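Structural overview
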Amino acid sequence: MDHTLKWGTLPPKRPYLKPFQLLVLAGLFYFCSGVIQVTKTVKEAAMLSCDYNISTEELKRVRIYWQKDNEMVLAVMSGKVKVWPKYENRTITDVTNNLCIVILALRLSDNGTYTCVIQKAEKGSYKLEHLTSVKLMVRADFPVPSITDLGNPSPNIRRIICSTSGGFPKPHLSWLENGEELNATNTTLSQDPETELYTISSELDFNMTGNHSFACLVKYGGLTVSQTFNWQKSAKPAPSANQLLLWAIIIPVSACGISVIIAVTLTCLSCRHAARWRERRRNKESMEMERISSST
């Protein structure tokens, strides 16, 4: 990818430094001075400064090279910017801001030490004017896992799933309860071939008749992210206000009804007893009268 600049430069006899020459220069600088470190995360943008300011007039007499470890990244010379294939469409340069480069949509493969080499034209040849190295560290942290309730695969059994994605290196997921590891089901791990980032998920079945507190733990490298899932067994629902009011009405009415039934029953029994007593008395009087009549 070539871009024409508004300023010119001397026509070089040797357009590019040999990779070996650049490596030697970068190595000498690396061991002679400190290296600036820039830390970013995957998919972010990183600005790497050459830490060198020059005027427009000076730009006409310099070459600028950016390389990473043993590969070229970008070069500015003869009024044009050349970007190497691996960095095309995502790397730009700003000659007005410390001759920096900006790498967009960072990948894990962008990790490494970048070296800026500036050569200045003197007496028909180019000599080393400035050398700076910047160490770029690209991180890929896993976000906090999410736990989703998948419902009931069978009576009294609940299923949940824990998942997270977009991290590196290769993760390990485990389920814990009270510090003890549990047996998970259907654990899956995949890696994006382009970004090299991982996605992991795991399911857990548990008995829903008891209380539980589960921890989903994801370890990668020396880092850890986790999420907690709490389950409370179902309790008998407390009676509502309407139910309490209904019972408050039913109980007194039922008591009154029972009292009425008892009173009616007792009254009926009393009346039946009185009727039998009167009948026995009449029978006795009749028998007495018959006895008197027969004796006379």
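Right, let's walk through the structure included here. The structure displayed is predicted, hence computed values, not measured ones.

Topic: the overall build of the protein
- Within the protein one finds 3 helices and 18 strands.
- Burial analysis of the protein (296 residues in total) assigns 32% to the buried set.
- Of the contacts made within the protein by residues no fewer than 6 positions apart, 63% connect residues no fewer than 24 positions apart.
- Surface summary for the protein: the accessible area is close to 18,800 Å², and the carbon and sulfur share equals 56%.

Considering the nonpolar core
- Counting residues in each nonpolar core, the largest one holds 31 residues, and the members touching the most others are Leu48, Trp66, Leu74, Leu99, Tyr114 and Leu136.
- Contributing elements (two or more residues each) for this core: strand E3 (46–48), strand E4 (62–68), strand E5 (71–77), strand E6 (80–83), strand E8 (100–103), strand E9 (112–122) and strand E10 (125–139).
- Residues within four places of leucine 48 in sequence aside, it is in contact with Val38, Trp66, Cys100, Ile101, Ile103, Tyr114, Val134 and Leu136.
- Counting residues in each nonpolar core, the second largest holds 18 residues, with Cys162, Trp175, Phe214 and Cys216 among its members.

Quick notes on the sheet that holds strand E13 (residues 172–177)
- A sheet is described by the order of its strands in space; here 4 strands give the open sequence E14-E13-E17-E18, paired in antiparallel fashion. Looking at which strands have only one partner, the edges of the open sheet turn out to be strand E14 (180–181) and strand E18 (223–231).
- Examined bridge by bridge, strand E17 (residues 212–220) and E18 share 9 bridges and lie antiparallel to one another. Bridge assignment links phenylalanine 214 to a residue of E18, and that residue is phenylalanine 229.

Concerning unusual backbone geometry
- Each neighbour pair has its own omega, and for phenylalanine 168 with proline 169 the value is 10°, a cis peptide bond.
- Residue position: proline 169 is located in the loop between strand E12 (157–167) and E13.
- The residue lysine 43 is not glycine, and still its phi comes out positive at about 80°.
- In this fold, lysine 43 is placed in the loop between strand E2 (36–41) and E3.
- Of note in this structure, glutamate 196 is not a glycine but carries a positive phi near 70°.
- On the basis of relative accessibility, which here comes to 31%, the residue glutamate 196 falls in the partly exposed class.

Quick notes on the environment of alanine 121
- Within the secondary structure, alanine 121 sits in strand E9.
- Spatially, the C-alpha atoms of alanine 121 and arginine 63 are 8.3 Å apart, while their sequence positions differ by 58 residues.

Quick notes on a nonpolar patch on the surface
- A surface patch of nonpolar side chains, amounting to about 390 Å² of accessible area, comprises Ile258, Ile262, Leu266 and Leu269.
- Take leucine 269: it is sitting in helix H3 (residues 241–295).

Some words on the environment of isoleucine 64
- Here isoleucine 64 is to be found in strand E4.
- Linking isoleucine 64 and valine 76, residues 12 residues apart in sequence, is a C-alpha distance of 5.0 Å.
- Setting aside residues up to four positions removed in sequence, isoleucine 64 forms contacts with Leu74, Ala75, Val76, Leu99, Cys116 and Val117.

Quick word on the side chain of histidine 212
- Among the secondary structure elements, histidine 212 is positioned in strand E17.
- Histidine 212 gets classed as buried once you look at its relative accessible area, which sits at 18%.
- Excluding anything up to four places from it in sequence, histidine 212 contacts Glu177, Phe206, Asn207, Phe229, Asn230 and Trp231.

Details of the pairing of E17
- Pairing between E13 and E17: 5 bridges, direction antiparallel. Note on E17: the bridge partner recorded for serine 174 is leucine 217.
- Counted along the chain from E17 to the antiparallel partner E18, the turn is 2 residues long, and its residue glycine 221 has a positive phi close to 60°.

Regarding the packing of aromatic side chains
- Counted by the stated rule, this structure contains 5 aromatic pairs.
- Ring centres of phenylalanine 206 and phenylalanine 214 lie 5.0 Å apart, and the angle between their planes is 55°; this geometry places the pair in the tilted category.
- What makes phenylalanine 214 buried here is its relative accessible area of 2%.
- Ring pairs connect the aromatic residues Phe206, Phe214, Phe229 and Trp231, which therefore count as one cluster.
- Here the guanidinium or amino end of arginine 63 rests over the ring plane of tyrosine 126, the centre of that ring lying 3.7 Å away.
- Across from the ring centre of tryptophan 84, 5.3 Å away, lies the NZ or CZ of lysine 82, which sits over that ring.

Looking at the sheet that holds strand E15 (residues 185–191)
- With antiparallel pairing, 4 strands are arranged side by side in an open sheet as E11-E12-E16-E15. Every other strand in the sheet has two partners, leaving strand E11 (146–154) and E15 as the edge strands with one partner each. Sheet twist, expressed as the mean angle between neighbouring strand axes with direction ignored, is 15°.
- As judged from the 6 bridges shared by E11 and E12, these two strands associate in the antiparallel manner. Across the sheet, serine 154 pairs through a bridge with isoleucine 157, a residue of E12.

Thresholds, definitions, all that
Residues numbered from 1 in each chain as written. Predicted model: local features only at pLDDT ≥ 70, side-chain atom pairs only at ≥ 80, totals over all residues. Heavy atoms only, no water. Helix = DSSP H or I, 4+ residues; strand = E, 2+ residues; numbered from the N terminus. Buried < 20%, exposed > 50% of the residue type's maximum accessible area, 1.4 Å probe, protein only. Contact = heavy atoms within 4.5 Å. Areas by Shrake-Rupley, 256 points an atom, 1.4 Å probe, with all protein chains shown as cover. Core = buried A, V, L, I, M, F, W, Y, C linked by side-chain atoms within 4.5 Å. Pairing = 2+ DSSP bridges. Patch = residues over 30% accessible without salt bridge, like charges linked within 9 Å, V, L, I, M, F, W, Y side chains within 5 Å. Salt bridge = Lys/Arg side-chain N within 4 Å of Asp/Glu carboxyl O. Phe/Tyr/Trp six-rings, centres within 6.5 Å; stacked < 30°, edge-to-face > 60°. Lys NZ or Arg CZ within 6 Å of the ring centre and 35° of its normal. Axes fitted to C-alpha atoms, helices over the stretch in contact; angles between N-to-C directions.

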